[in-house]
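One letter stands for each residue in the lines below.
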Amino acid sequence: RSALVLCLCLSACATPMADRSDPRDPYENVNRKGFFVNQGVDQVLVKPVAKGYSNYLPEFIQNTVGNFFGNLADVWTAVNNFLQAKPREGLQDTGRVAVNTVLGIGGLADVATKLGLPKHQEDFGQTLGVWGVKPGPYVMLPVFGPSTMRDTFAKPLDLYADPVNQVSNTRVEYSLRATRLVDDRARLLPTTDMIEKVALDPYQFVRDAHFQQREARILDAQLEQ
């Protein structure tokens, strides 16, 4: 996985295309091709499974699955909040993991939110942004989707810190990864359906939305310091 990200970084360092429609996206020609490949794989493989998951699996089971993976994500979120010099948020995330793991039966129930511990979403790319690292050029990653050069270099550490990596049984590990992928995709169905209906240029829409979201999260983190 790290090698895949590294290869993409090296390919993205090639000569930028001459016609730069957006200065943040100097490799737009390559990125657009990657975007449509990702879309093709999604339409053929991932989206149909996600729609079946969303339509036929009882809502309480979907919530349970989401809670379980959300609890795993809170571990790395806590670390990044501490790295961003936000001890209050870091302690809240640590408390969430403890409460949901014990009282929520391994994270299957989100007890922490009901007790007033808010959920955050942080990764190492955001941490680098808070430290002052600029996003750099826009990059469309295979499978992972929209990113920037900064977030692409941060991705291997995010992947390494994933608690699922600690699962020793390969079958269980890949089953967990597949389930999380489908659950995440199912939650994005309303958004992606809207994009397909209203966006004249889905690629540009996704790119601009990604920059706005990442900038907003990093700005919020800087203001909270």
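This is a predicted model, so every value here is computed, not measured. (Residues numbered from 1 in each chain as written. Predicted model: local features only at pLDDT ≥ 70, side-chain atom pairs only at ≥ 80, totals over all residues. Heavy atoms only, no water.)

### Observations regarding the overall build of the chain
Applicable threshold: Only DSSP runs of H or I reaching four residues or more are called helices, and only runs of E reaching two or more are called strands; each is numbered from the N terminus. Burial status follows relative accessibility: with a 1.4 Å probe on protein chains alone, a residue under 20% of its type maximum counts as buried, one over 50% as exposed, and anything between as partly exposed. By definition, residues are in contact when any of their heavy atoms lie within 4.5 Å. Here the accessible surface of atoms and residues is derived via Shrake-Rupley with a 1.4 Å probe, and residues count as covered only by protein chains that are part of the display.
Of the regular secondary structure elements, the chain holds nine helices and two strands. Listed N to C, the secondary structure of the chain is α-α-α-α-α-α-β-β-α-α-α in terms of helices and strands. By the burial criterion, 39% of the 225 residues in the chain qualify as buried. The long-range fraction of contacts in the chain, counting pairs at least 24 apart against all pairs at least 6 apart in sequence, stands at 65%. Split by element, the accessible area of the chain, about 12700 Å² in all, is 64% carbon and sulfur.

### Some words on the packing of helix α3 (residues 59-83) against helix α8 (residues 170-198)
Condition: With axes taken as lines fitted to C-alpha atoms, and helix axes fitted only over the stretch in contact, angles between N-to-C directions fall between 0 and 180 degrees. Every angle not falling under 35 degrees, over 145, or within 65 to 115 is termed oblique; those three ranges are roughly parallel, roughly antiparallel and roughly perpendicular. Helix crossings are classified by the rotation of the near helix relative to the far one: an anticlockwise turn of less than a right angle makes the crossing left-handed, while a clockwise turn makes it right-handed.
Following both chains from N to C, one finds α3 and α8 inclined at 115°, their axes separated by 10 Å at the closest point. Overall, the two elements α3 and α8 adopt an arrangement that is roughly perpendicular. You can see that α3 and α8 cross each other, and the crossing is left-handed. Residue-level contacts link Q62, N63, V65, G66, F68 and F69 of α3 to L176, T179, R180, D183 and R187 of α8.

### Some remarks on the pairing of strand β1 (residues 138-141)
Threshold: DSSP-based pairing: two strands are paired if at least 2 bridges between them are found.
Burial along β1 is two-sided: the face carrying Y138 and M140 and the face carrying V139 and L141 are both buried. With four bridges connecting them, β1 and strand β2 (residues 145-148) associate as antiparallel partners. Across the sheet, residue V139 finds its bridge partner in β2, namely S147. What sits between β1 and β2 in their antiparallel hairpin is a turn of three residues, with V143 showing a positive phi close to 70°.

### Side note on the pattern of salt bridges
Selection criterion: When a carboxyl oxygen of Asp or Glu is within 4 Å of a side-chain nitrogen of Lys or Arg, the pair counts as a salt bridge.
As enumerated under the stated definition, the model contains 23 salt bridges in all. The shortest N-O distance in the salt bridge between R24 and D22 comes to 3.0 Å. Under the relative-accessibility criterion, R24 is labelled partly exposed at 29%. Given a relative accessible area of 10%, D22 falls into the buried group. Taken together, the shared-partner salt bridges in this structure form one network comprising D22, R24, D25, E28, R32, D201, R207 and D208.

### A few points about α3
Stated formally: Here, expected helix span is obtained from the residue count minus one, scaled by 1.5 Å. Here the bend at a residue means the angle between the axes of two seven-residue stretches, the one that ends at it and the one that starts at it.
Between the first and last C-alpha of α3 there are 35 Å, a value that for 25 residues agrees with the 36 Å anticipated at 1.5 Å per step. Of all the bends found along α3, the most pronounced is centred on V75 and spans about 25°.

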